[in-house]
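Overview (structure and organization)
The residues making up each chain are set out below.
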Amino acid sequence: MSENLRGKRILVVGGARGIGAEIVRRTGQAGADVVVAARSGLEVKIDVADETTIAWAAESLDAFDHVISTASAHHDVPVPDLEHGKVQAAFSAKVIGPLLLAKHFAPRMPADGSFLFFSGIVGWQPKPGTVVKGTANAALAALVTHLAVELAPLRVNAIAPGLTDSGTWNRLPDERRRALYDSAAAASLAGRVGTLEDVTDAALWLLGAGWVTGETVHVDGGARHR
Ligand SMILES: NC(=O)c1ccc[n+]([C@@H]2O[C@H](COP(=O)([O-])OP(=O)(O)OC[C@H]3O[C@@H](n4cnc5c(N)ncnc54)[C@H](OP(=O)(O)O)[C@@H]3O)[C@@H](O)[C@H]2O)c1
């Protein structure tokens, strides 16, 4: 696995924290030349909701072998409370943003390059209050198959994690976070929530899996099947 990534140039949008930061750490450890992009304060500024930042990065940086985005924007409310701007932000992060990354970066990528995007289990588990996240995640799964066909032989894949202890849930009070983790663990076949290692193992594998394209890999402890 490490040999696949040695010397490869990898861009990680959303690489400042959570799953993205762990991908940065592990691909770097595997010998890749990794560039971190975030909305502010880092090496490279990319806001996937702002095409000019994507175009600037694609034009001014050396070409990349792999482009990864973990971008997501939450808008988990019941239908009567939907706000148009927040709906657009959610679809920008998961659908329009990846499309624009493909538009600007694909033309300079080598034939064995790839894109890796992040969907999520909610796309396959409809529940009240998650219509935006669920639809955006499911749309991303459709997007990778379409992009894989149009951009071939470049590969385009996604990972759909189940509930993962990525740091993102640390914003919840301890008690609520524990309750969330307990119920997610009980709702999975593996009997636990995901770890950063679970998800980044799949990411590193997909970056080197030369015969896998147009796929969404479910890394959710079997939670979709409960
Ligand atoms: N953790 C889970 O339980 C879980 C479950 C299912 C799916 N997922 C998916 O897995 C991915 C990574 O999850 P995570 O837990 O690491 O999430 P996270 O901590 O919320 O990280 C999301 C990342 O997206 C970036 N981002 C948001 N909007 C952006 C934009 N417009 N342009 C560029 N970057 C943007 C954030 O960067 P800033 O630093 O700029 O805010 C952040 O680095 C997400 O797509 C998430 O939906 C996670």
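Up top you'll find the structure we're talking about.
Source: prediction; values computed, not measured.

1. Side note on the nonpolar core
In terms of nonpolar packing, the biggest core is built from 32 residues, with Leu11, Ile46, Phe105, Phe115, Phe117, Leu151 and Val156 touching the most fellow members. Residue assignment for this core shows that the elements contributing at least two residues are strand S1 (9–13), strand S2 (33–38), helix H3 (51–60), helix H4 (84–105), strand S5 (114–118), helix H5 (131–151) and strand S6 (155–161). Ranked by residue count, the leading element in this core is H5, at six residues. In contact with Phe115, other than residues within four places in its own chain, are Val67, Leu101, Ala102, Phe105, Ala106, Met109, Leu151, Leu154, Arg155, Val156 and Asn157. Core analysis: the second largest hydrophobic core is formed by 23 residues, Leu5, Val12, Val34 and Leu116 among them.

2. Looking at empty space enclosed by the protein
Counted by the stated rule, this structure contains one cavity of 30 Å³ or more. Here the largest cavity is characterised by a volume of approximately 50 Å³. If you go around the largest cavity, the residues you meet are Ala57, Ala58, Leu61, Asp62, Ala63, Phe64, His104, Phe105 and Arg108. Of all the elements in the fold, those that place two or more residues in the lining of the largest cavity are H3 and H4. The residue makeup of the lining of the largest cavity, split by class, is six nonpolar, one polar and two charged.

3. Things to note about the site of the ligand
Contacts to the ligand come from 24 residues, most closely from Arg17, Ile19, Arg39, Lys94 and Ser166. In this structure, an oxygen atom belonging to the ligand sits 2.7 Å away from a side-chain N or O atom of Arg17. A distance of 2.8 Å separates an oxygen atom of the ligand from a polar atom in the side chain of Lys94. When the ligand is considered free in solution it has 890 Å² of accessible area, and contact with the protein chains removes 90% of it. Here the residues of the shell around the ligand sort into 10 nonpolar, 10 polar and four charged.

4. A word on a positive patch on the surface
A grouping of Arg17, Arg39, Arg171 and Arg176 is seen on the molecular surface, where their side chains present a positively charged patch. With respect to the element layout, Arg17 can be found in the loop between S1 and helix H2 (18–29). Judged by relative accessible area, Arg17 falls into the exposed class, the value being 58%.

5. Structural notes on the pattern of salt bridges
Scanning the model with the defined rule gives 10 salt bridges in all. Glu22 is paired through a salt bridge with Arg25; the nearest N and O atoms lie 2.8 Å apart. Pair noted here: Glu22 and Arg25 are both in helix H2, with a separation of three residues, about one helical turn. Residue Arg25 is classed as partly exposed on the basis of its relative accessible area, which comes to 43%.

6. A word on the side chain of Ser69
Mapped onto the elements of the fold, Ser69 is located in strand S4 (residues 66–69). A distance of 3.2 Å separates the side chain of Ser69 from the backbone nitrogen of Ala71, its partner in a polar contact. When sequence neighbours within four positions are dropped, the list of residues in contact with Ser69 reads Val13, Val48, Leu101, Leu116, Phe117 and Phe118.

7. What about the environment of Lys133?
When you line up the elements, Lys133 lands in helix H5. For Lys133 and Phe91, which are 42 residues apart along the polypeptide, the C-alpha to C-alpha distance reads 8.5 Å. Contacts of Lys133, omitting those with residues within four sequence positions, involve His74, Asp76 and Val122. Looking at Lys133, its side chain comes within polar contact range of the side chain of Asp76, at 3.0 Å.

8. Remarks on the packing of aromatic side chains
Within the structure shown, the criterion is met by two aromatic pairs. Relative to Phe105, the ring of Phe64 lies with its centre 6.0 Å away and its plane at 65 degrees, an arrangement referred to as edge-to-face. Linking Phe64 in the loop between H3 and S4 with Phe105 in helix H4, this pair joins segments that are 41 residues apart in sequence. When sorted by exposure, Phe64 lands in the same class as Phe105, which is buried. Here Arg9 stacks its cationic end above the ring of Phe64, 4.4 Å away from the centre of that ring.

Calculation notes
Residues numbered from 1 in each chain as written. Predicted model: local features only at pLDDT ≥ 70, side-chain atom pairs only at ≥ 80, totals over all residues. Heavy atoms only, no water. Core = buried A, V, L, I, M, F, W, Y, C linked by side-chain atoms within 4.5 Å. Buried < 20%, exposed > 50% of the residue type's maximum accessible area, 1.4 Å probe, protein only. Helix = DSSP H or I, 4+ residues; strand = E, 2+ residues; numbered from the N terminus. Contact = heavy atoms within 4.5 Å. 1 Å grid on protein atoms, 1.4 Å probe; cavity = no way out; pocket = protein on both sides within 12 Å on 5 of 7 lines; lining within 4 Å. Points joined across faces, edges and corners; volume = space filled by probe spheres on them. Nonpolar A, V, L, I, M, F, W, Y, C, P; charged D, E, K, R; others polar. Near = heavy atom within 4 Å. Polar contact = N/O pair within 3.5 Å; in protein donor to acceptor, adjacent residues only side chain to side chain. Areas by Shrake-Rupley, 256 points an atom, 1.4 Å probe, with all protein chains shown as cover. Patch = residues over 30% accessible without salt bridge, like charges linked within 9 Å, V, L, I, M, F, W, Y side chains within 5 Å. Salt bridge = Lys/Arg side-chain N within 4 Å of Asp/Glu carboxyl O. Lys, Arg positive; Asp, Glu negative; His and termini not counted. Charge placed at Lys NZ, Arg CZ, Asp CG, Glu CD. Phe/Tyr/Trp six-rings, centres within 6.5 Å; stacked < 30°, edge-to-face > 60°. Lys NZ or Arg CZ within 6 Å of the ring centre and 35° of its normal.

Everything listed is a geometric property; what it means functionally is a separate question.
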